[in-house]
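One-letter residues, chain by chain:
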Amino acid sequence: MIGLLNYGAGNVGSVLKAIKHLGHSAEVVDTPESLRAAERIVFPGQGHFGTMMRALEERRLLGPLRDLLAAGTPFLGICLGLQALYESSEEAPETPGLAVLPGRVTRFQGVFKVPHVGWSQLEIRRPSTLFQGVADGSFVYFCHSYYGPITEKSSAVTHYGQTFAAGLEMENICGVQFHPEKSGDVGLRVLGNFLALGERTENYEL
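What this report covers is the structure whose coordinates are included nearby.

Reading guide: rules and limits
Residues numbered from 1 in each chain as written. Predicted model: local features only at pLDDT ≥ 70, side-chain atom pairs only at ≥ 80, totals over all residues. Heavy atoms only, no water. Pairing = 2+ DSSP bridges. Helix = DSSP H or I, 4+ residues; strand = E, 2+ residues; numbered from the N terminus. Contact = heavy atoms within 4.5 Å. Axes fitted to C-alpha atoms, helices over the stretch in contact; angles between N-to-C directions. Buried < 20%, exposed > 50% of the residue type's maximum accessible area, 1.4 Å probe, protein only. Phe/Tyr/Trp six-rings, centres within 6.5 Å; stacked < 30°, edge-to-face > 60°.

### So, the sheet that holds strand S8 (residues 123-124)
Next, step 1: Strand order in the open sheet formed by 8 strands is S2-S1-S3-S4-S13-S12-S11-S8, and the pairing between neighbours is mixed. Two strands lie at the open edges of the sheet, namely strand S2 (26-29) and S8, each paired on one side alone.
Next, step 2: Of the pairings in the sheet, the one linking strand S4 (residues 75-79) to strand S13 (residues 173-176) comprises 4 bridges and is parallel in character. Directly across from Gly77, in S13, lies its bridge partner Gly175.
Next, step 3: On top of the sheet, helix H1 (residues 12-21) reaches strand S1 (2-5), S2, strand S3 (40-45) and S4; it is set at about 160 degrees to S1, its chief contact.

### Things to note about the environment of Pro149
Next, step 1: Residue placement: Pro149 occurs in the loop between strand S10 (146-147) and strand S11 (154-160).
Next, step 2: Pro149 sits in the partly exposed class, given a relative accessible area of 25%.
Next, step 3: Along the backbone, Pro149 and Ile173 are 24 residues apart, and their C-alpha atoms lie at a distance of 17 Å.
Next, step 4: Once residues lying within four places of it in the same chain are set aside, the contact partners of Pro149 are Tyr86, Pro102, Gly103, Arg104, Val105, Ser154 and Ala165.

### Some words on the packing of aromatic side chains
Aromatic rings considered in pairs are described by the distance between their centres and by the relative angle of their planes.
Next, step 1: Following the criterion strictly, the structure yields 10 aromatic pairs and no others.
Next, step 2: For the ring pair Tyr7 and Phe43, a centre distance of 5.7 Å and an interplane angle of 85 degrees mean the geometry is edge-to-face. Placement of Tyr7 in the loop between S1 and H1 and of Phe43 in strand S3 is noted, with a sequence separation of 36 residues between them.
Next, step 3: We classify Tyr7 as buried; its relative accessible area is 4%.
Next, step 4: Plain terms: the ring middles of Phe108 and Phe164 are 5.5 Å apart, the flat faces sit at 80 degrees to each other, and that makes the pair edge-to-face. Here Phe108 is found in the loop between strand S6 (104-107) and strand S7 (116-121), whereas its partner Phe164 is found in strand S12 (residues 162-170), with 56 residues between them in sequence. Considered together, Phe108 and Phe164 belong to a single accessibility category, that of buried residues.
Next, step 5: Feature note: the residues Phe108, Phe131, Phe142, Tyr147, Tyr160, Phe164 and Phe178 constitute an aromatic cluster, connected by ring pairs.

### Digging into the pairing of S11
Next, step 1: Summarising burial for S11: 6 of the 7 residues are buried, a large majority.
Next, step 2: Of the pairings in the sheet, the one linking S8 to S11 comprises 2 bridges and is antiparallel in character. From the neighbouring strand, Ile124 faces S11, where its bridge partner is Ala156.
Next, step 3: Taking the residues between adjacent antiparallel strands as the criterion, S11 and S12 are bridged by 1 residue, where Gly161 takes a positive phi near 75 degrees.

All we've got here are geometric facts, nothing functional implied.
Here's what the structure looks like:
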């Protein structure tokens, strides 16, 4: 079962629609029991970092999520769901993240308008199952004020004032800063690649 992790503020509906468009079924999971039953987890985060992490804790979802990540369950974090993978965020300095990745999420600074909203290009940095079939320079849709630093797990980056992590892949854990459900065929390709993670994807068709 594909579980869409719902903590009360994520863009679950649009992601669910995209998954169904790709021919898969999924269920919204918002209890520890339903989360533990998920064979794949999609986490479409949205809103405030601290509010998100506190909501996961209050709903008793944080512990099961950590256990599933450690156990190898395929996971895709979207937007704030990717930022949750870092140690912390400037948006809520006292609230720890999942600490799967080192570093702190920071707010955009400089001459560009914040938030970063609209279509920007991907720079594919290394071979990646998540970005298989995605051309370097492809445009995807972003909507965010904070960004995660680039690490050795970053498979794609984007430039907007600063260069930031746009996608990552490390064993069972994946993340994208952009919104694949709003990024046309490229986004569907990325989402489909995740749903086929661990399987052959060469013949995947949109």
